[in-house]
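Listed here are the chains, written in short residue letters.
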Amino acid sequence: MTVADIQMALTFVIIAVTVALYAVERFPIEVTALGSVVAFVILFTVLPLDGPDGDLGPQALLMGFANPALITIMALLIVGQALFHTDALDKPTQHILKVFRQLRLAPITPILIGVAVISAFMNNTPVVVMFLPVLAAMAAANGTAAARVLMPLSFIAILGGMTTLIGSSTNLLVADVAQRVSDVRIGFFSFTPIGTLLAIIGSLYIIFVMPKILTPRRTMADEVQGPAGGKQFIAQIPITYNHPLVGARAVAGMFPNLRDMTVRLVQRGEKPFLPPFEGVELQAGDTVIVAATRQALTKALSLRKPIMRSNDDAEITPEEQRLPEGTATLAEAVVAPGSRMIGRTTAQSSLRADNNCVVMGLQRRSRMPRMAMSDIRLEAGDVLLLAGPHDDIQSLRGNRDVLLLDWSTAEVPRRRHAPRARAIFIGIVGCAALGIVPVVTAALAGALAMLLTGCLNVRQSLRALDSRIFMLIGASLAAATALERTGGAKAVAEALMVAMEGQPPAIILSMLFLLIAVLTNVLSNNATAVLFAPIAVNIAQRTGVDGNAFVTCLIFAANCSFATPIGYQTNLIVMGPGHYRFSDFIRAGTPLVLLIWLSFSLIAPWYYGF
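As the structure is a prediction and not an experimental result, all values here were calculated from the model. (Residues numbered from 1 in each chain as written. Predicted model: local features only at pLDDT ≥ 70, side-chain atom pairs only at ≥ 80, totals over all residues. Heavy atoms only, no water.)

1. Some details on helix 10 (residues 192-208)
Spanning 17 residues, helix 10 covers 24 Å between terminal C-alpha atoms, matching the ideal 24 Å at 1.5 Å per step. Every buried residue belonging to helix 10 is among Thr192, Ile194, Gly195, Leu198, Ala199, Gly202, Ser203, Tyr205, Ile206 and Ile207, and all of these are buried. In the core, the buried residues of helix 10 are packed alongside helix 6 (108-119), helix 8 (147-161), helix 11 (210-213), helix 23 (547-558) and helix 25 (582-608). (Helix = DSSP H or I, 4+ residues; strand = E, 2+ residues; numbered from the N terminus. Expected span 1.5 Å × (residues − 1). Buried < 20%, exposed > 50% of the residue type's maximum accessible area, 1.4 Å probe, protein only. Contact = heavy atoms within 4.5 Å.)

Next comes the structure, spelled out in structure tokens:
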């Protein structure tokens with residue numbers, strides 16, 4: 001056995017062990033990815049590899065961490081965080097939901113079908129970037145976990161890209177290589193009929209089966225707050241002069257302007273109004289006591305302005321307790337046993353004076369008092385919803401009277417920046433889709449614009465960067481480089497040709513598809529396509545079959561990047577927002593790979609007439 005054979009064998013071992021560790025999740029993804037990179041660096045330091053492309057040393061193996069695709073994804077994560085932090089897509093999403101409710105249609109399915117159609121004529125990466133925040137916002141509005149819609153978004157965009165020549169960069173690469181090494185010419189719609197059939201079959205699985213397979217991954221905050229929008233807090237709204245709620249009248253016992261909150265009491269001087277509030281009209285000087293989720297209170301707080309507004313949004317923060325200007329952070333804190341606050345009201349707690357924090361709401365597990373929040377005497381175990389500047393909220397960690405729940409800390413969306421965030425996002429998608437600048441350039445410029453315009457700050461942008469994705473991409477590109485440079489991928493292809501010698505064309509075509517579909521989930525799809533294009537043409541010439549059959553086989557198989565997040569860029573884009581694990585892609589994507597393979601194996605011989 002030569003040194004080259006040892007290098008190739010050890011490369012296969014490292015890749016197999018890495019994928020297995022990803023799947024079983026015994027170690028964090030970051031640790032496994034770093035271990036994979038270290039293993040390759042050690043291997044090619046001990047057994048140096050020199051070739052026509054230079055030596056395979058640490059510099060070549062670590063090049064993946066500076067890959068434009070990786071930089072693009074990191075920048076898009078920052079852009080997505082800015083859209084989330086400004087609630088930029090809330091109004092468009094609510095409008096879409098309203099239209100679909102009027103038509104009595106479920107909104108998610110038509111949008112996914114639209115994504116597939118658009119992806120046939122646009123690069124699917126900007127398509128996913130465009131619709132990811134929209135679908136995430138719609139899922140939240142419908143009470144659906146984002147995990148049930150974001151992986152289907154990525155997969156259906158890939159399927160749509162399989163139907164035309166320009167649907168994916170992989171298609172163009174294969175067509176270009178095939179044209180250079182043979183007389184096969186691939187036109188714009190050459191494989192559209194069979195590609196459409198495969199896309200329809202795959203879409204049925206994605207829309208009707210995959211959401212049932214996917215397991216929503218929830219954060220600690222989600223686990224504690226519960227699925228139905230979170231626990232209820234008691235809050236109060238003082239109705240001052242010129243307040244937008246002055247003159248609001250109850251309809252059927254409810255106040256339409258406070259549809260996200262449950263009104264428990266309206267206090268007018270010494271006179272309380274209890275439900276049902278028939279005929280009650282709010283006046284200046286009233287105090288409205290509501291029960292609301294943290295989400296509803298956050299939305300109300302995000303709409304606040306330095307002066308009273310003339311629109312229909314409720315002002316939650318009392319005039320005398322206005323938050324300091326700048327970014328506000330919300331957090332929950334539990335009144336500790338033995339706290340000096342026990343027996344005092346929120347106004348007497350001195351949180352405002354000592355910590356610059358405002359009590360927005362109060363939650364008591366044993367009961368929900370029907371009185372003004374400012375009159376409630378605090379008890380040990382009460383949960384306070386606090387708002388204030390980030391540094392002041394963090395200073396509560398050293399406070400012995402309250403126990404800060406770190407997982408609950410989140411900044412209030414800057415809704416006043418929503419128009420500029422939407423404009424930046426539209427600019428990114430437009431520039432990338434029209435080919436004005438490369439996707440990486442548009443993404444980086446968009447991330448910088450979000451920071452410069454105040455849509456989010458540096459701390460928030462750093463929080464958006466997902467270490468799992470960073471390490472996963474860098475390690476996978478190192479593995480792909482090693483597999484190509486050691487000749488491992490070429491050896492697998494040649495072994496297939498030897499094993500299939502003498503078999504019917506339909507069997508050879510099917511096995512070639514399966515091999516490429518497996519490798520495209522380990523290598524990049526473009527690398528797999530370029531590697532196998534001459535091999536596919538050569539097999540077609542040996543078997544005497546139309547070369548178009550094998551070239552289109554390569555196109556479809558190289559696009560079957562469903563079984564791992566490293567298979568395709570859009571999978572990595574949705575991995576963070578969907579809170580997916582590596583095993584989620586294996587469990588939900590592997591059946592889709594097998595379904596497309598079996599469908600192609602049955603349709604292609606009939607379609608190409610052999």
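2. Remarks on the pattern of salt bridges
Going through the model one piece at a time under the given rule, you end up with six salt bridges. For Arg268, the salt bridge goes to Asp286, with nearest N and O atoms at 2.9 Å. Note that Arg268 is positioned in strand 4 (residues 262-268) and Asp286 in the loop between strand 5 (271-273) and strand 6 (287-293), a separation of 18 residues in sequence. The buried category is assigned to Asp286, whose relative accessible area is 2%. A single salt-bridge network, built from bridges that share partners, covers Arg364, Glu379 and Asp382. (Salt bridge = Lys/Arg side-chain N within 4 Å of Asp/Glu carboxyl O.)

3. Let's talk about the packing of aromatic side chains
Across all of its chains, the model carries 11 aromatic pairs by this definition. Measuring from centroid to centroid gives 5.8 Å for Phe191 and Phe556, while their planes differ by 80°, and the two rings are edge-to-face. Within this pair, whereas Phe191 is found in the loop between helix 9 (169-181) and helix 10, its partner Phe556 is found in helix 23, the two being separated by 365 residues in sequence. Among the residues examined, Phe191 registers a relative accessible area of 0% and is labelled buried. (Phe/Tyr/Trp six-rings, centres within 6.5 Å; stacked < 30°, edge-to-face > 60°.)

4. Digging into the pairing of strand 9 (residues 383-388)
A regular strand carries its side chains on alternate faces of the sheet. Of all six residues making up strand 9, six are buried, and the element is well covered by its neighbours. Here strand 9 shows a buried face lined by Val383, Leu385 and Ala387 and a second buried face lined by Leu384, Leu386 and Gly388. Note: strand 8 (residues 358-363) against strand 9, five bridges, orientation antiparallel. Directly across from Leu362, in strand 9, lies its bridge partner Leu384. (Pairing = 2+ DSSP bridges.)

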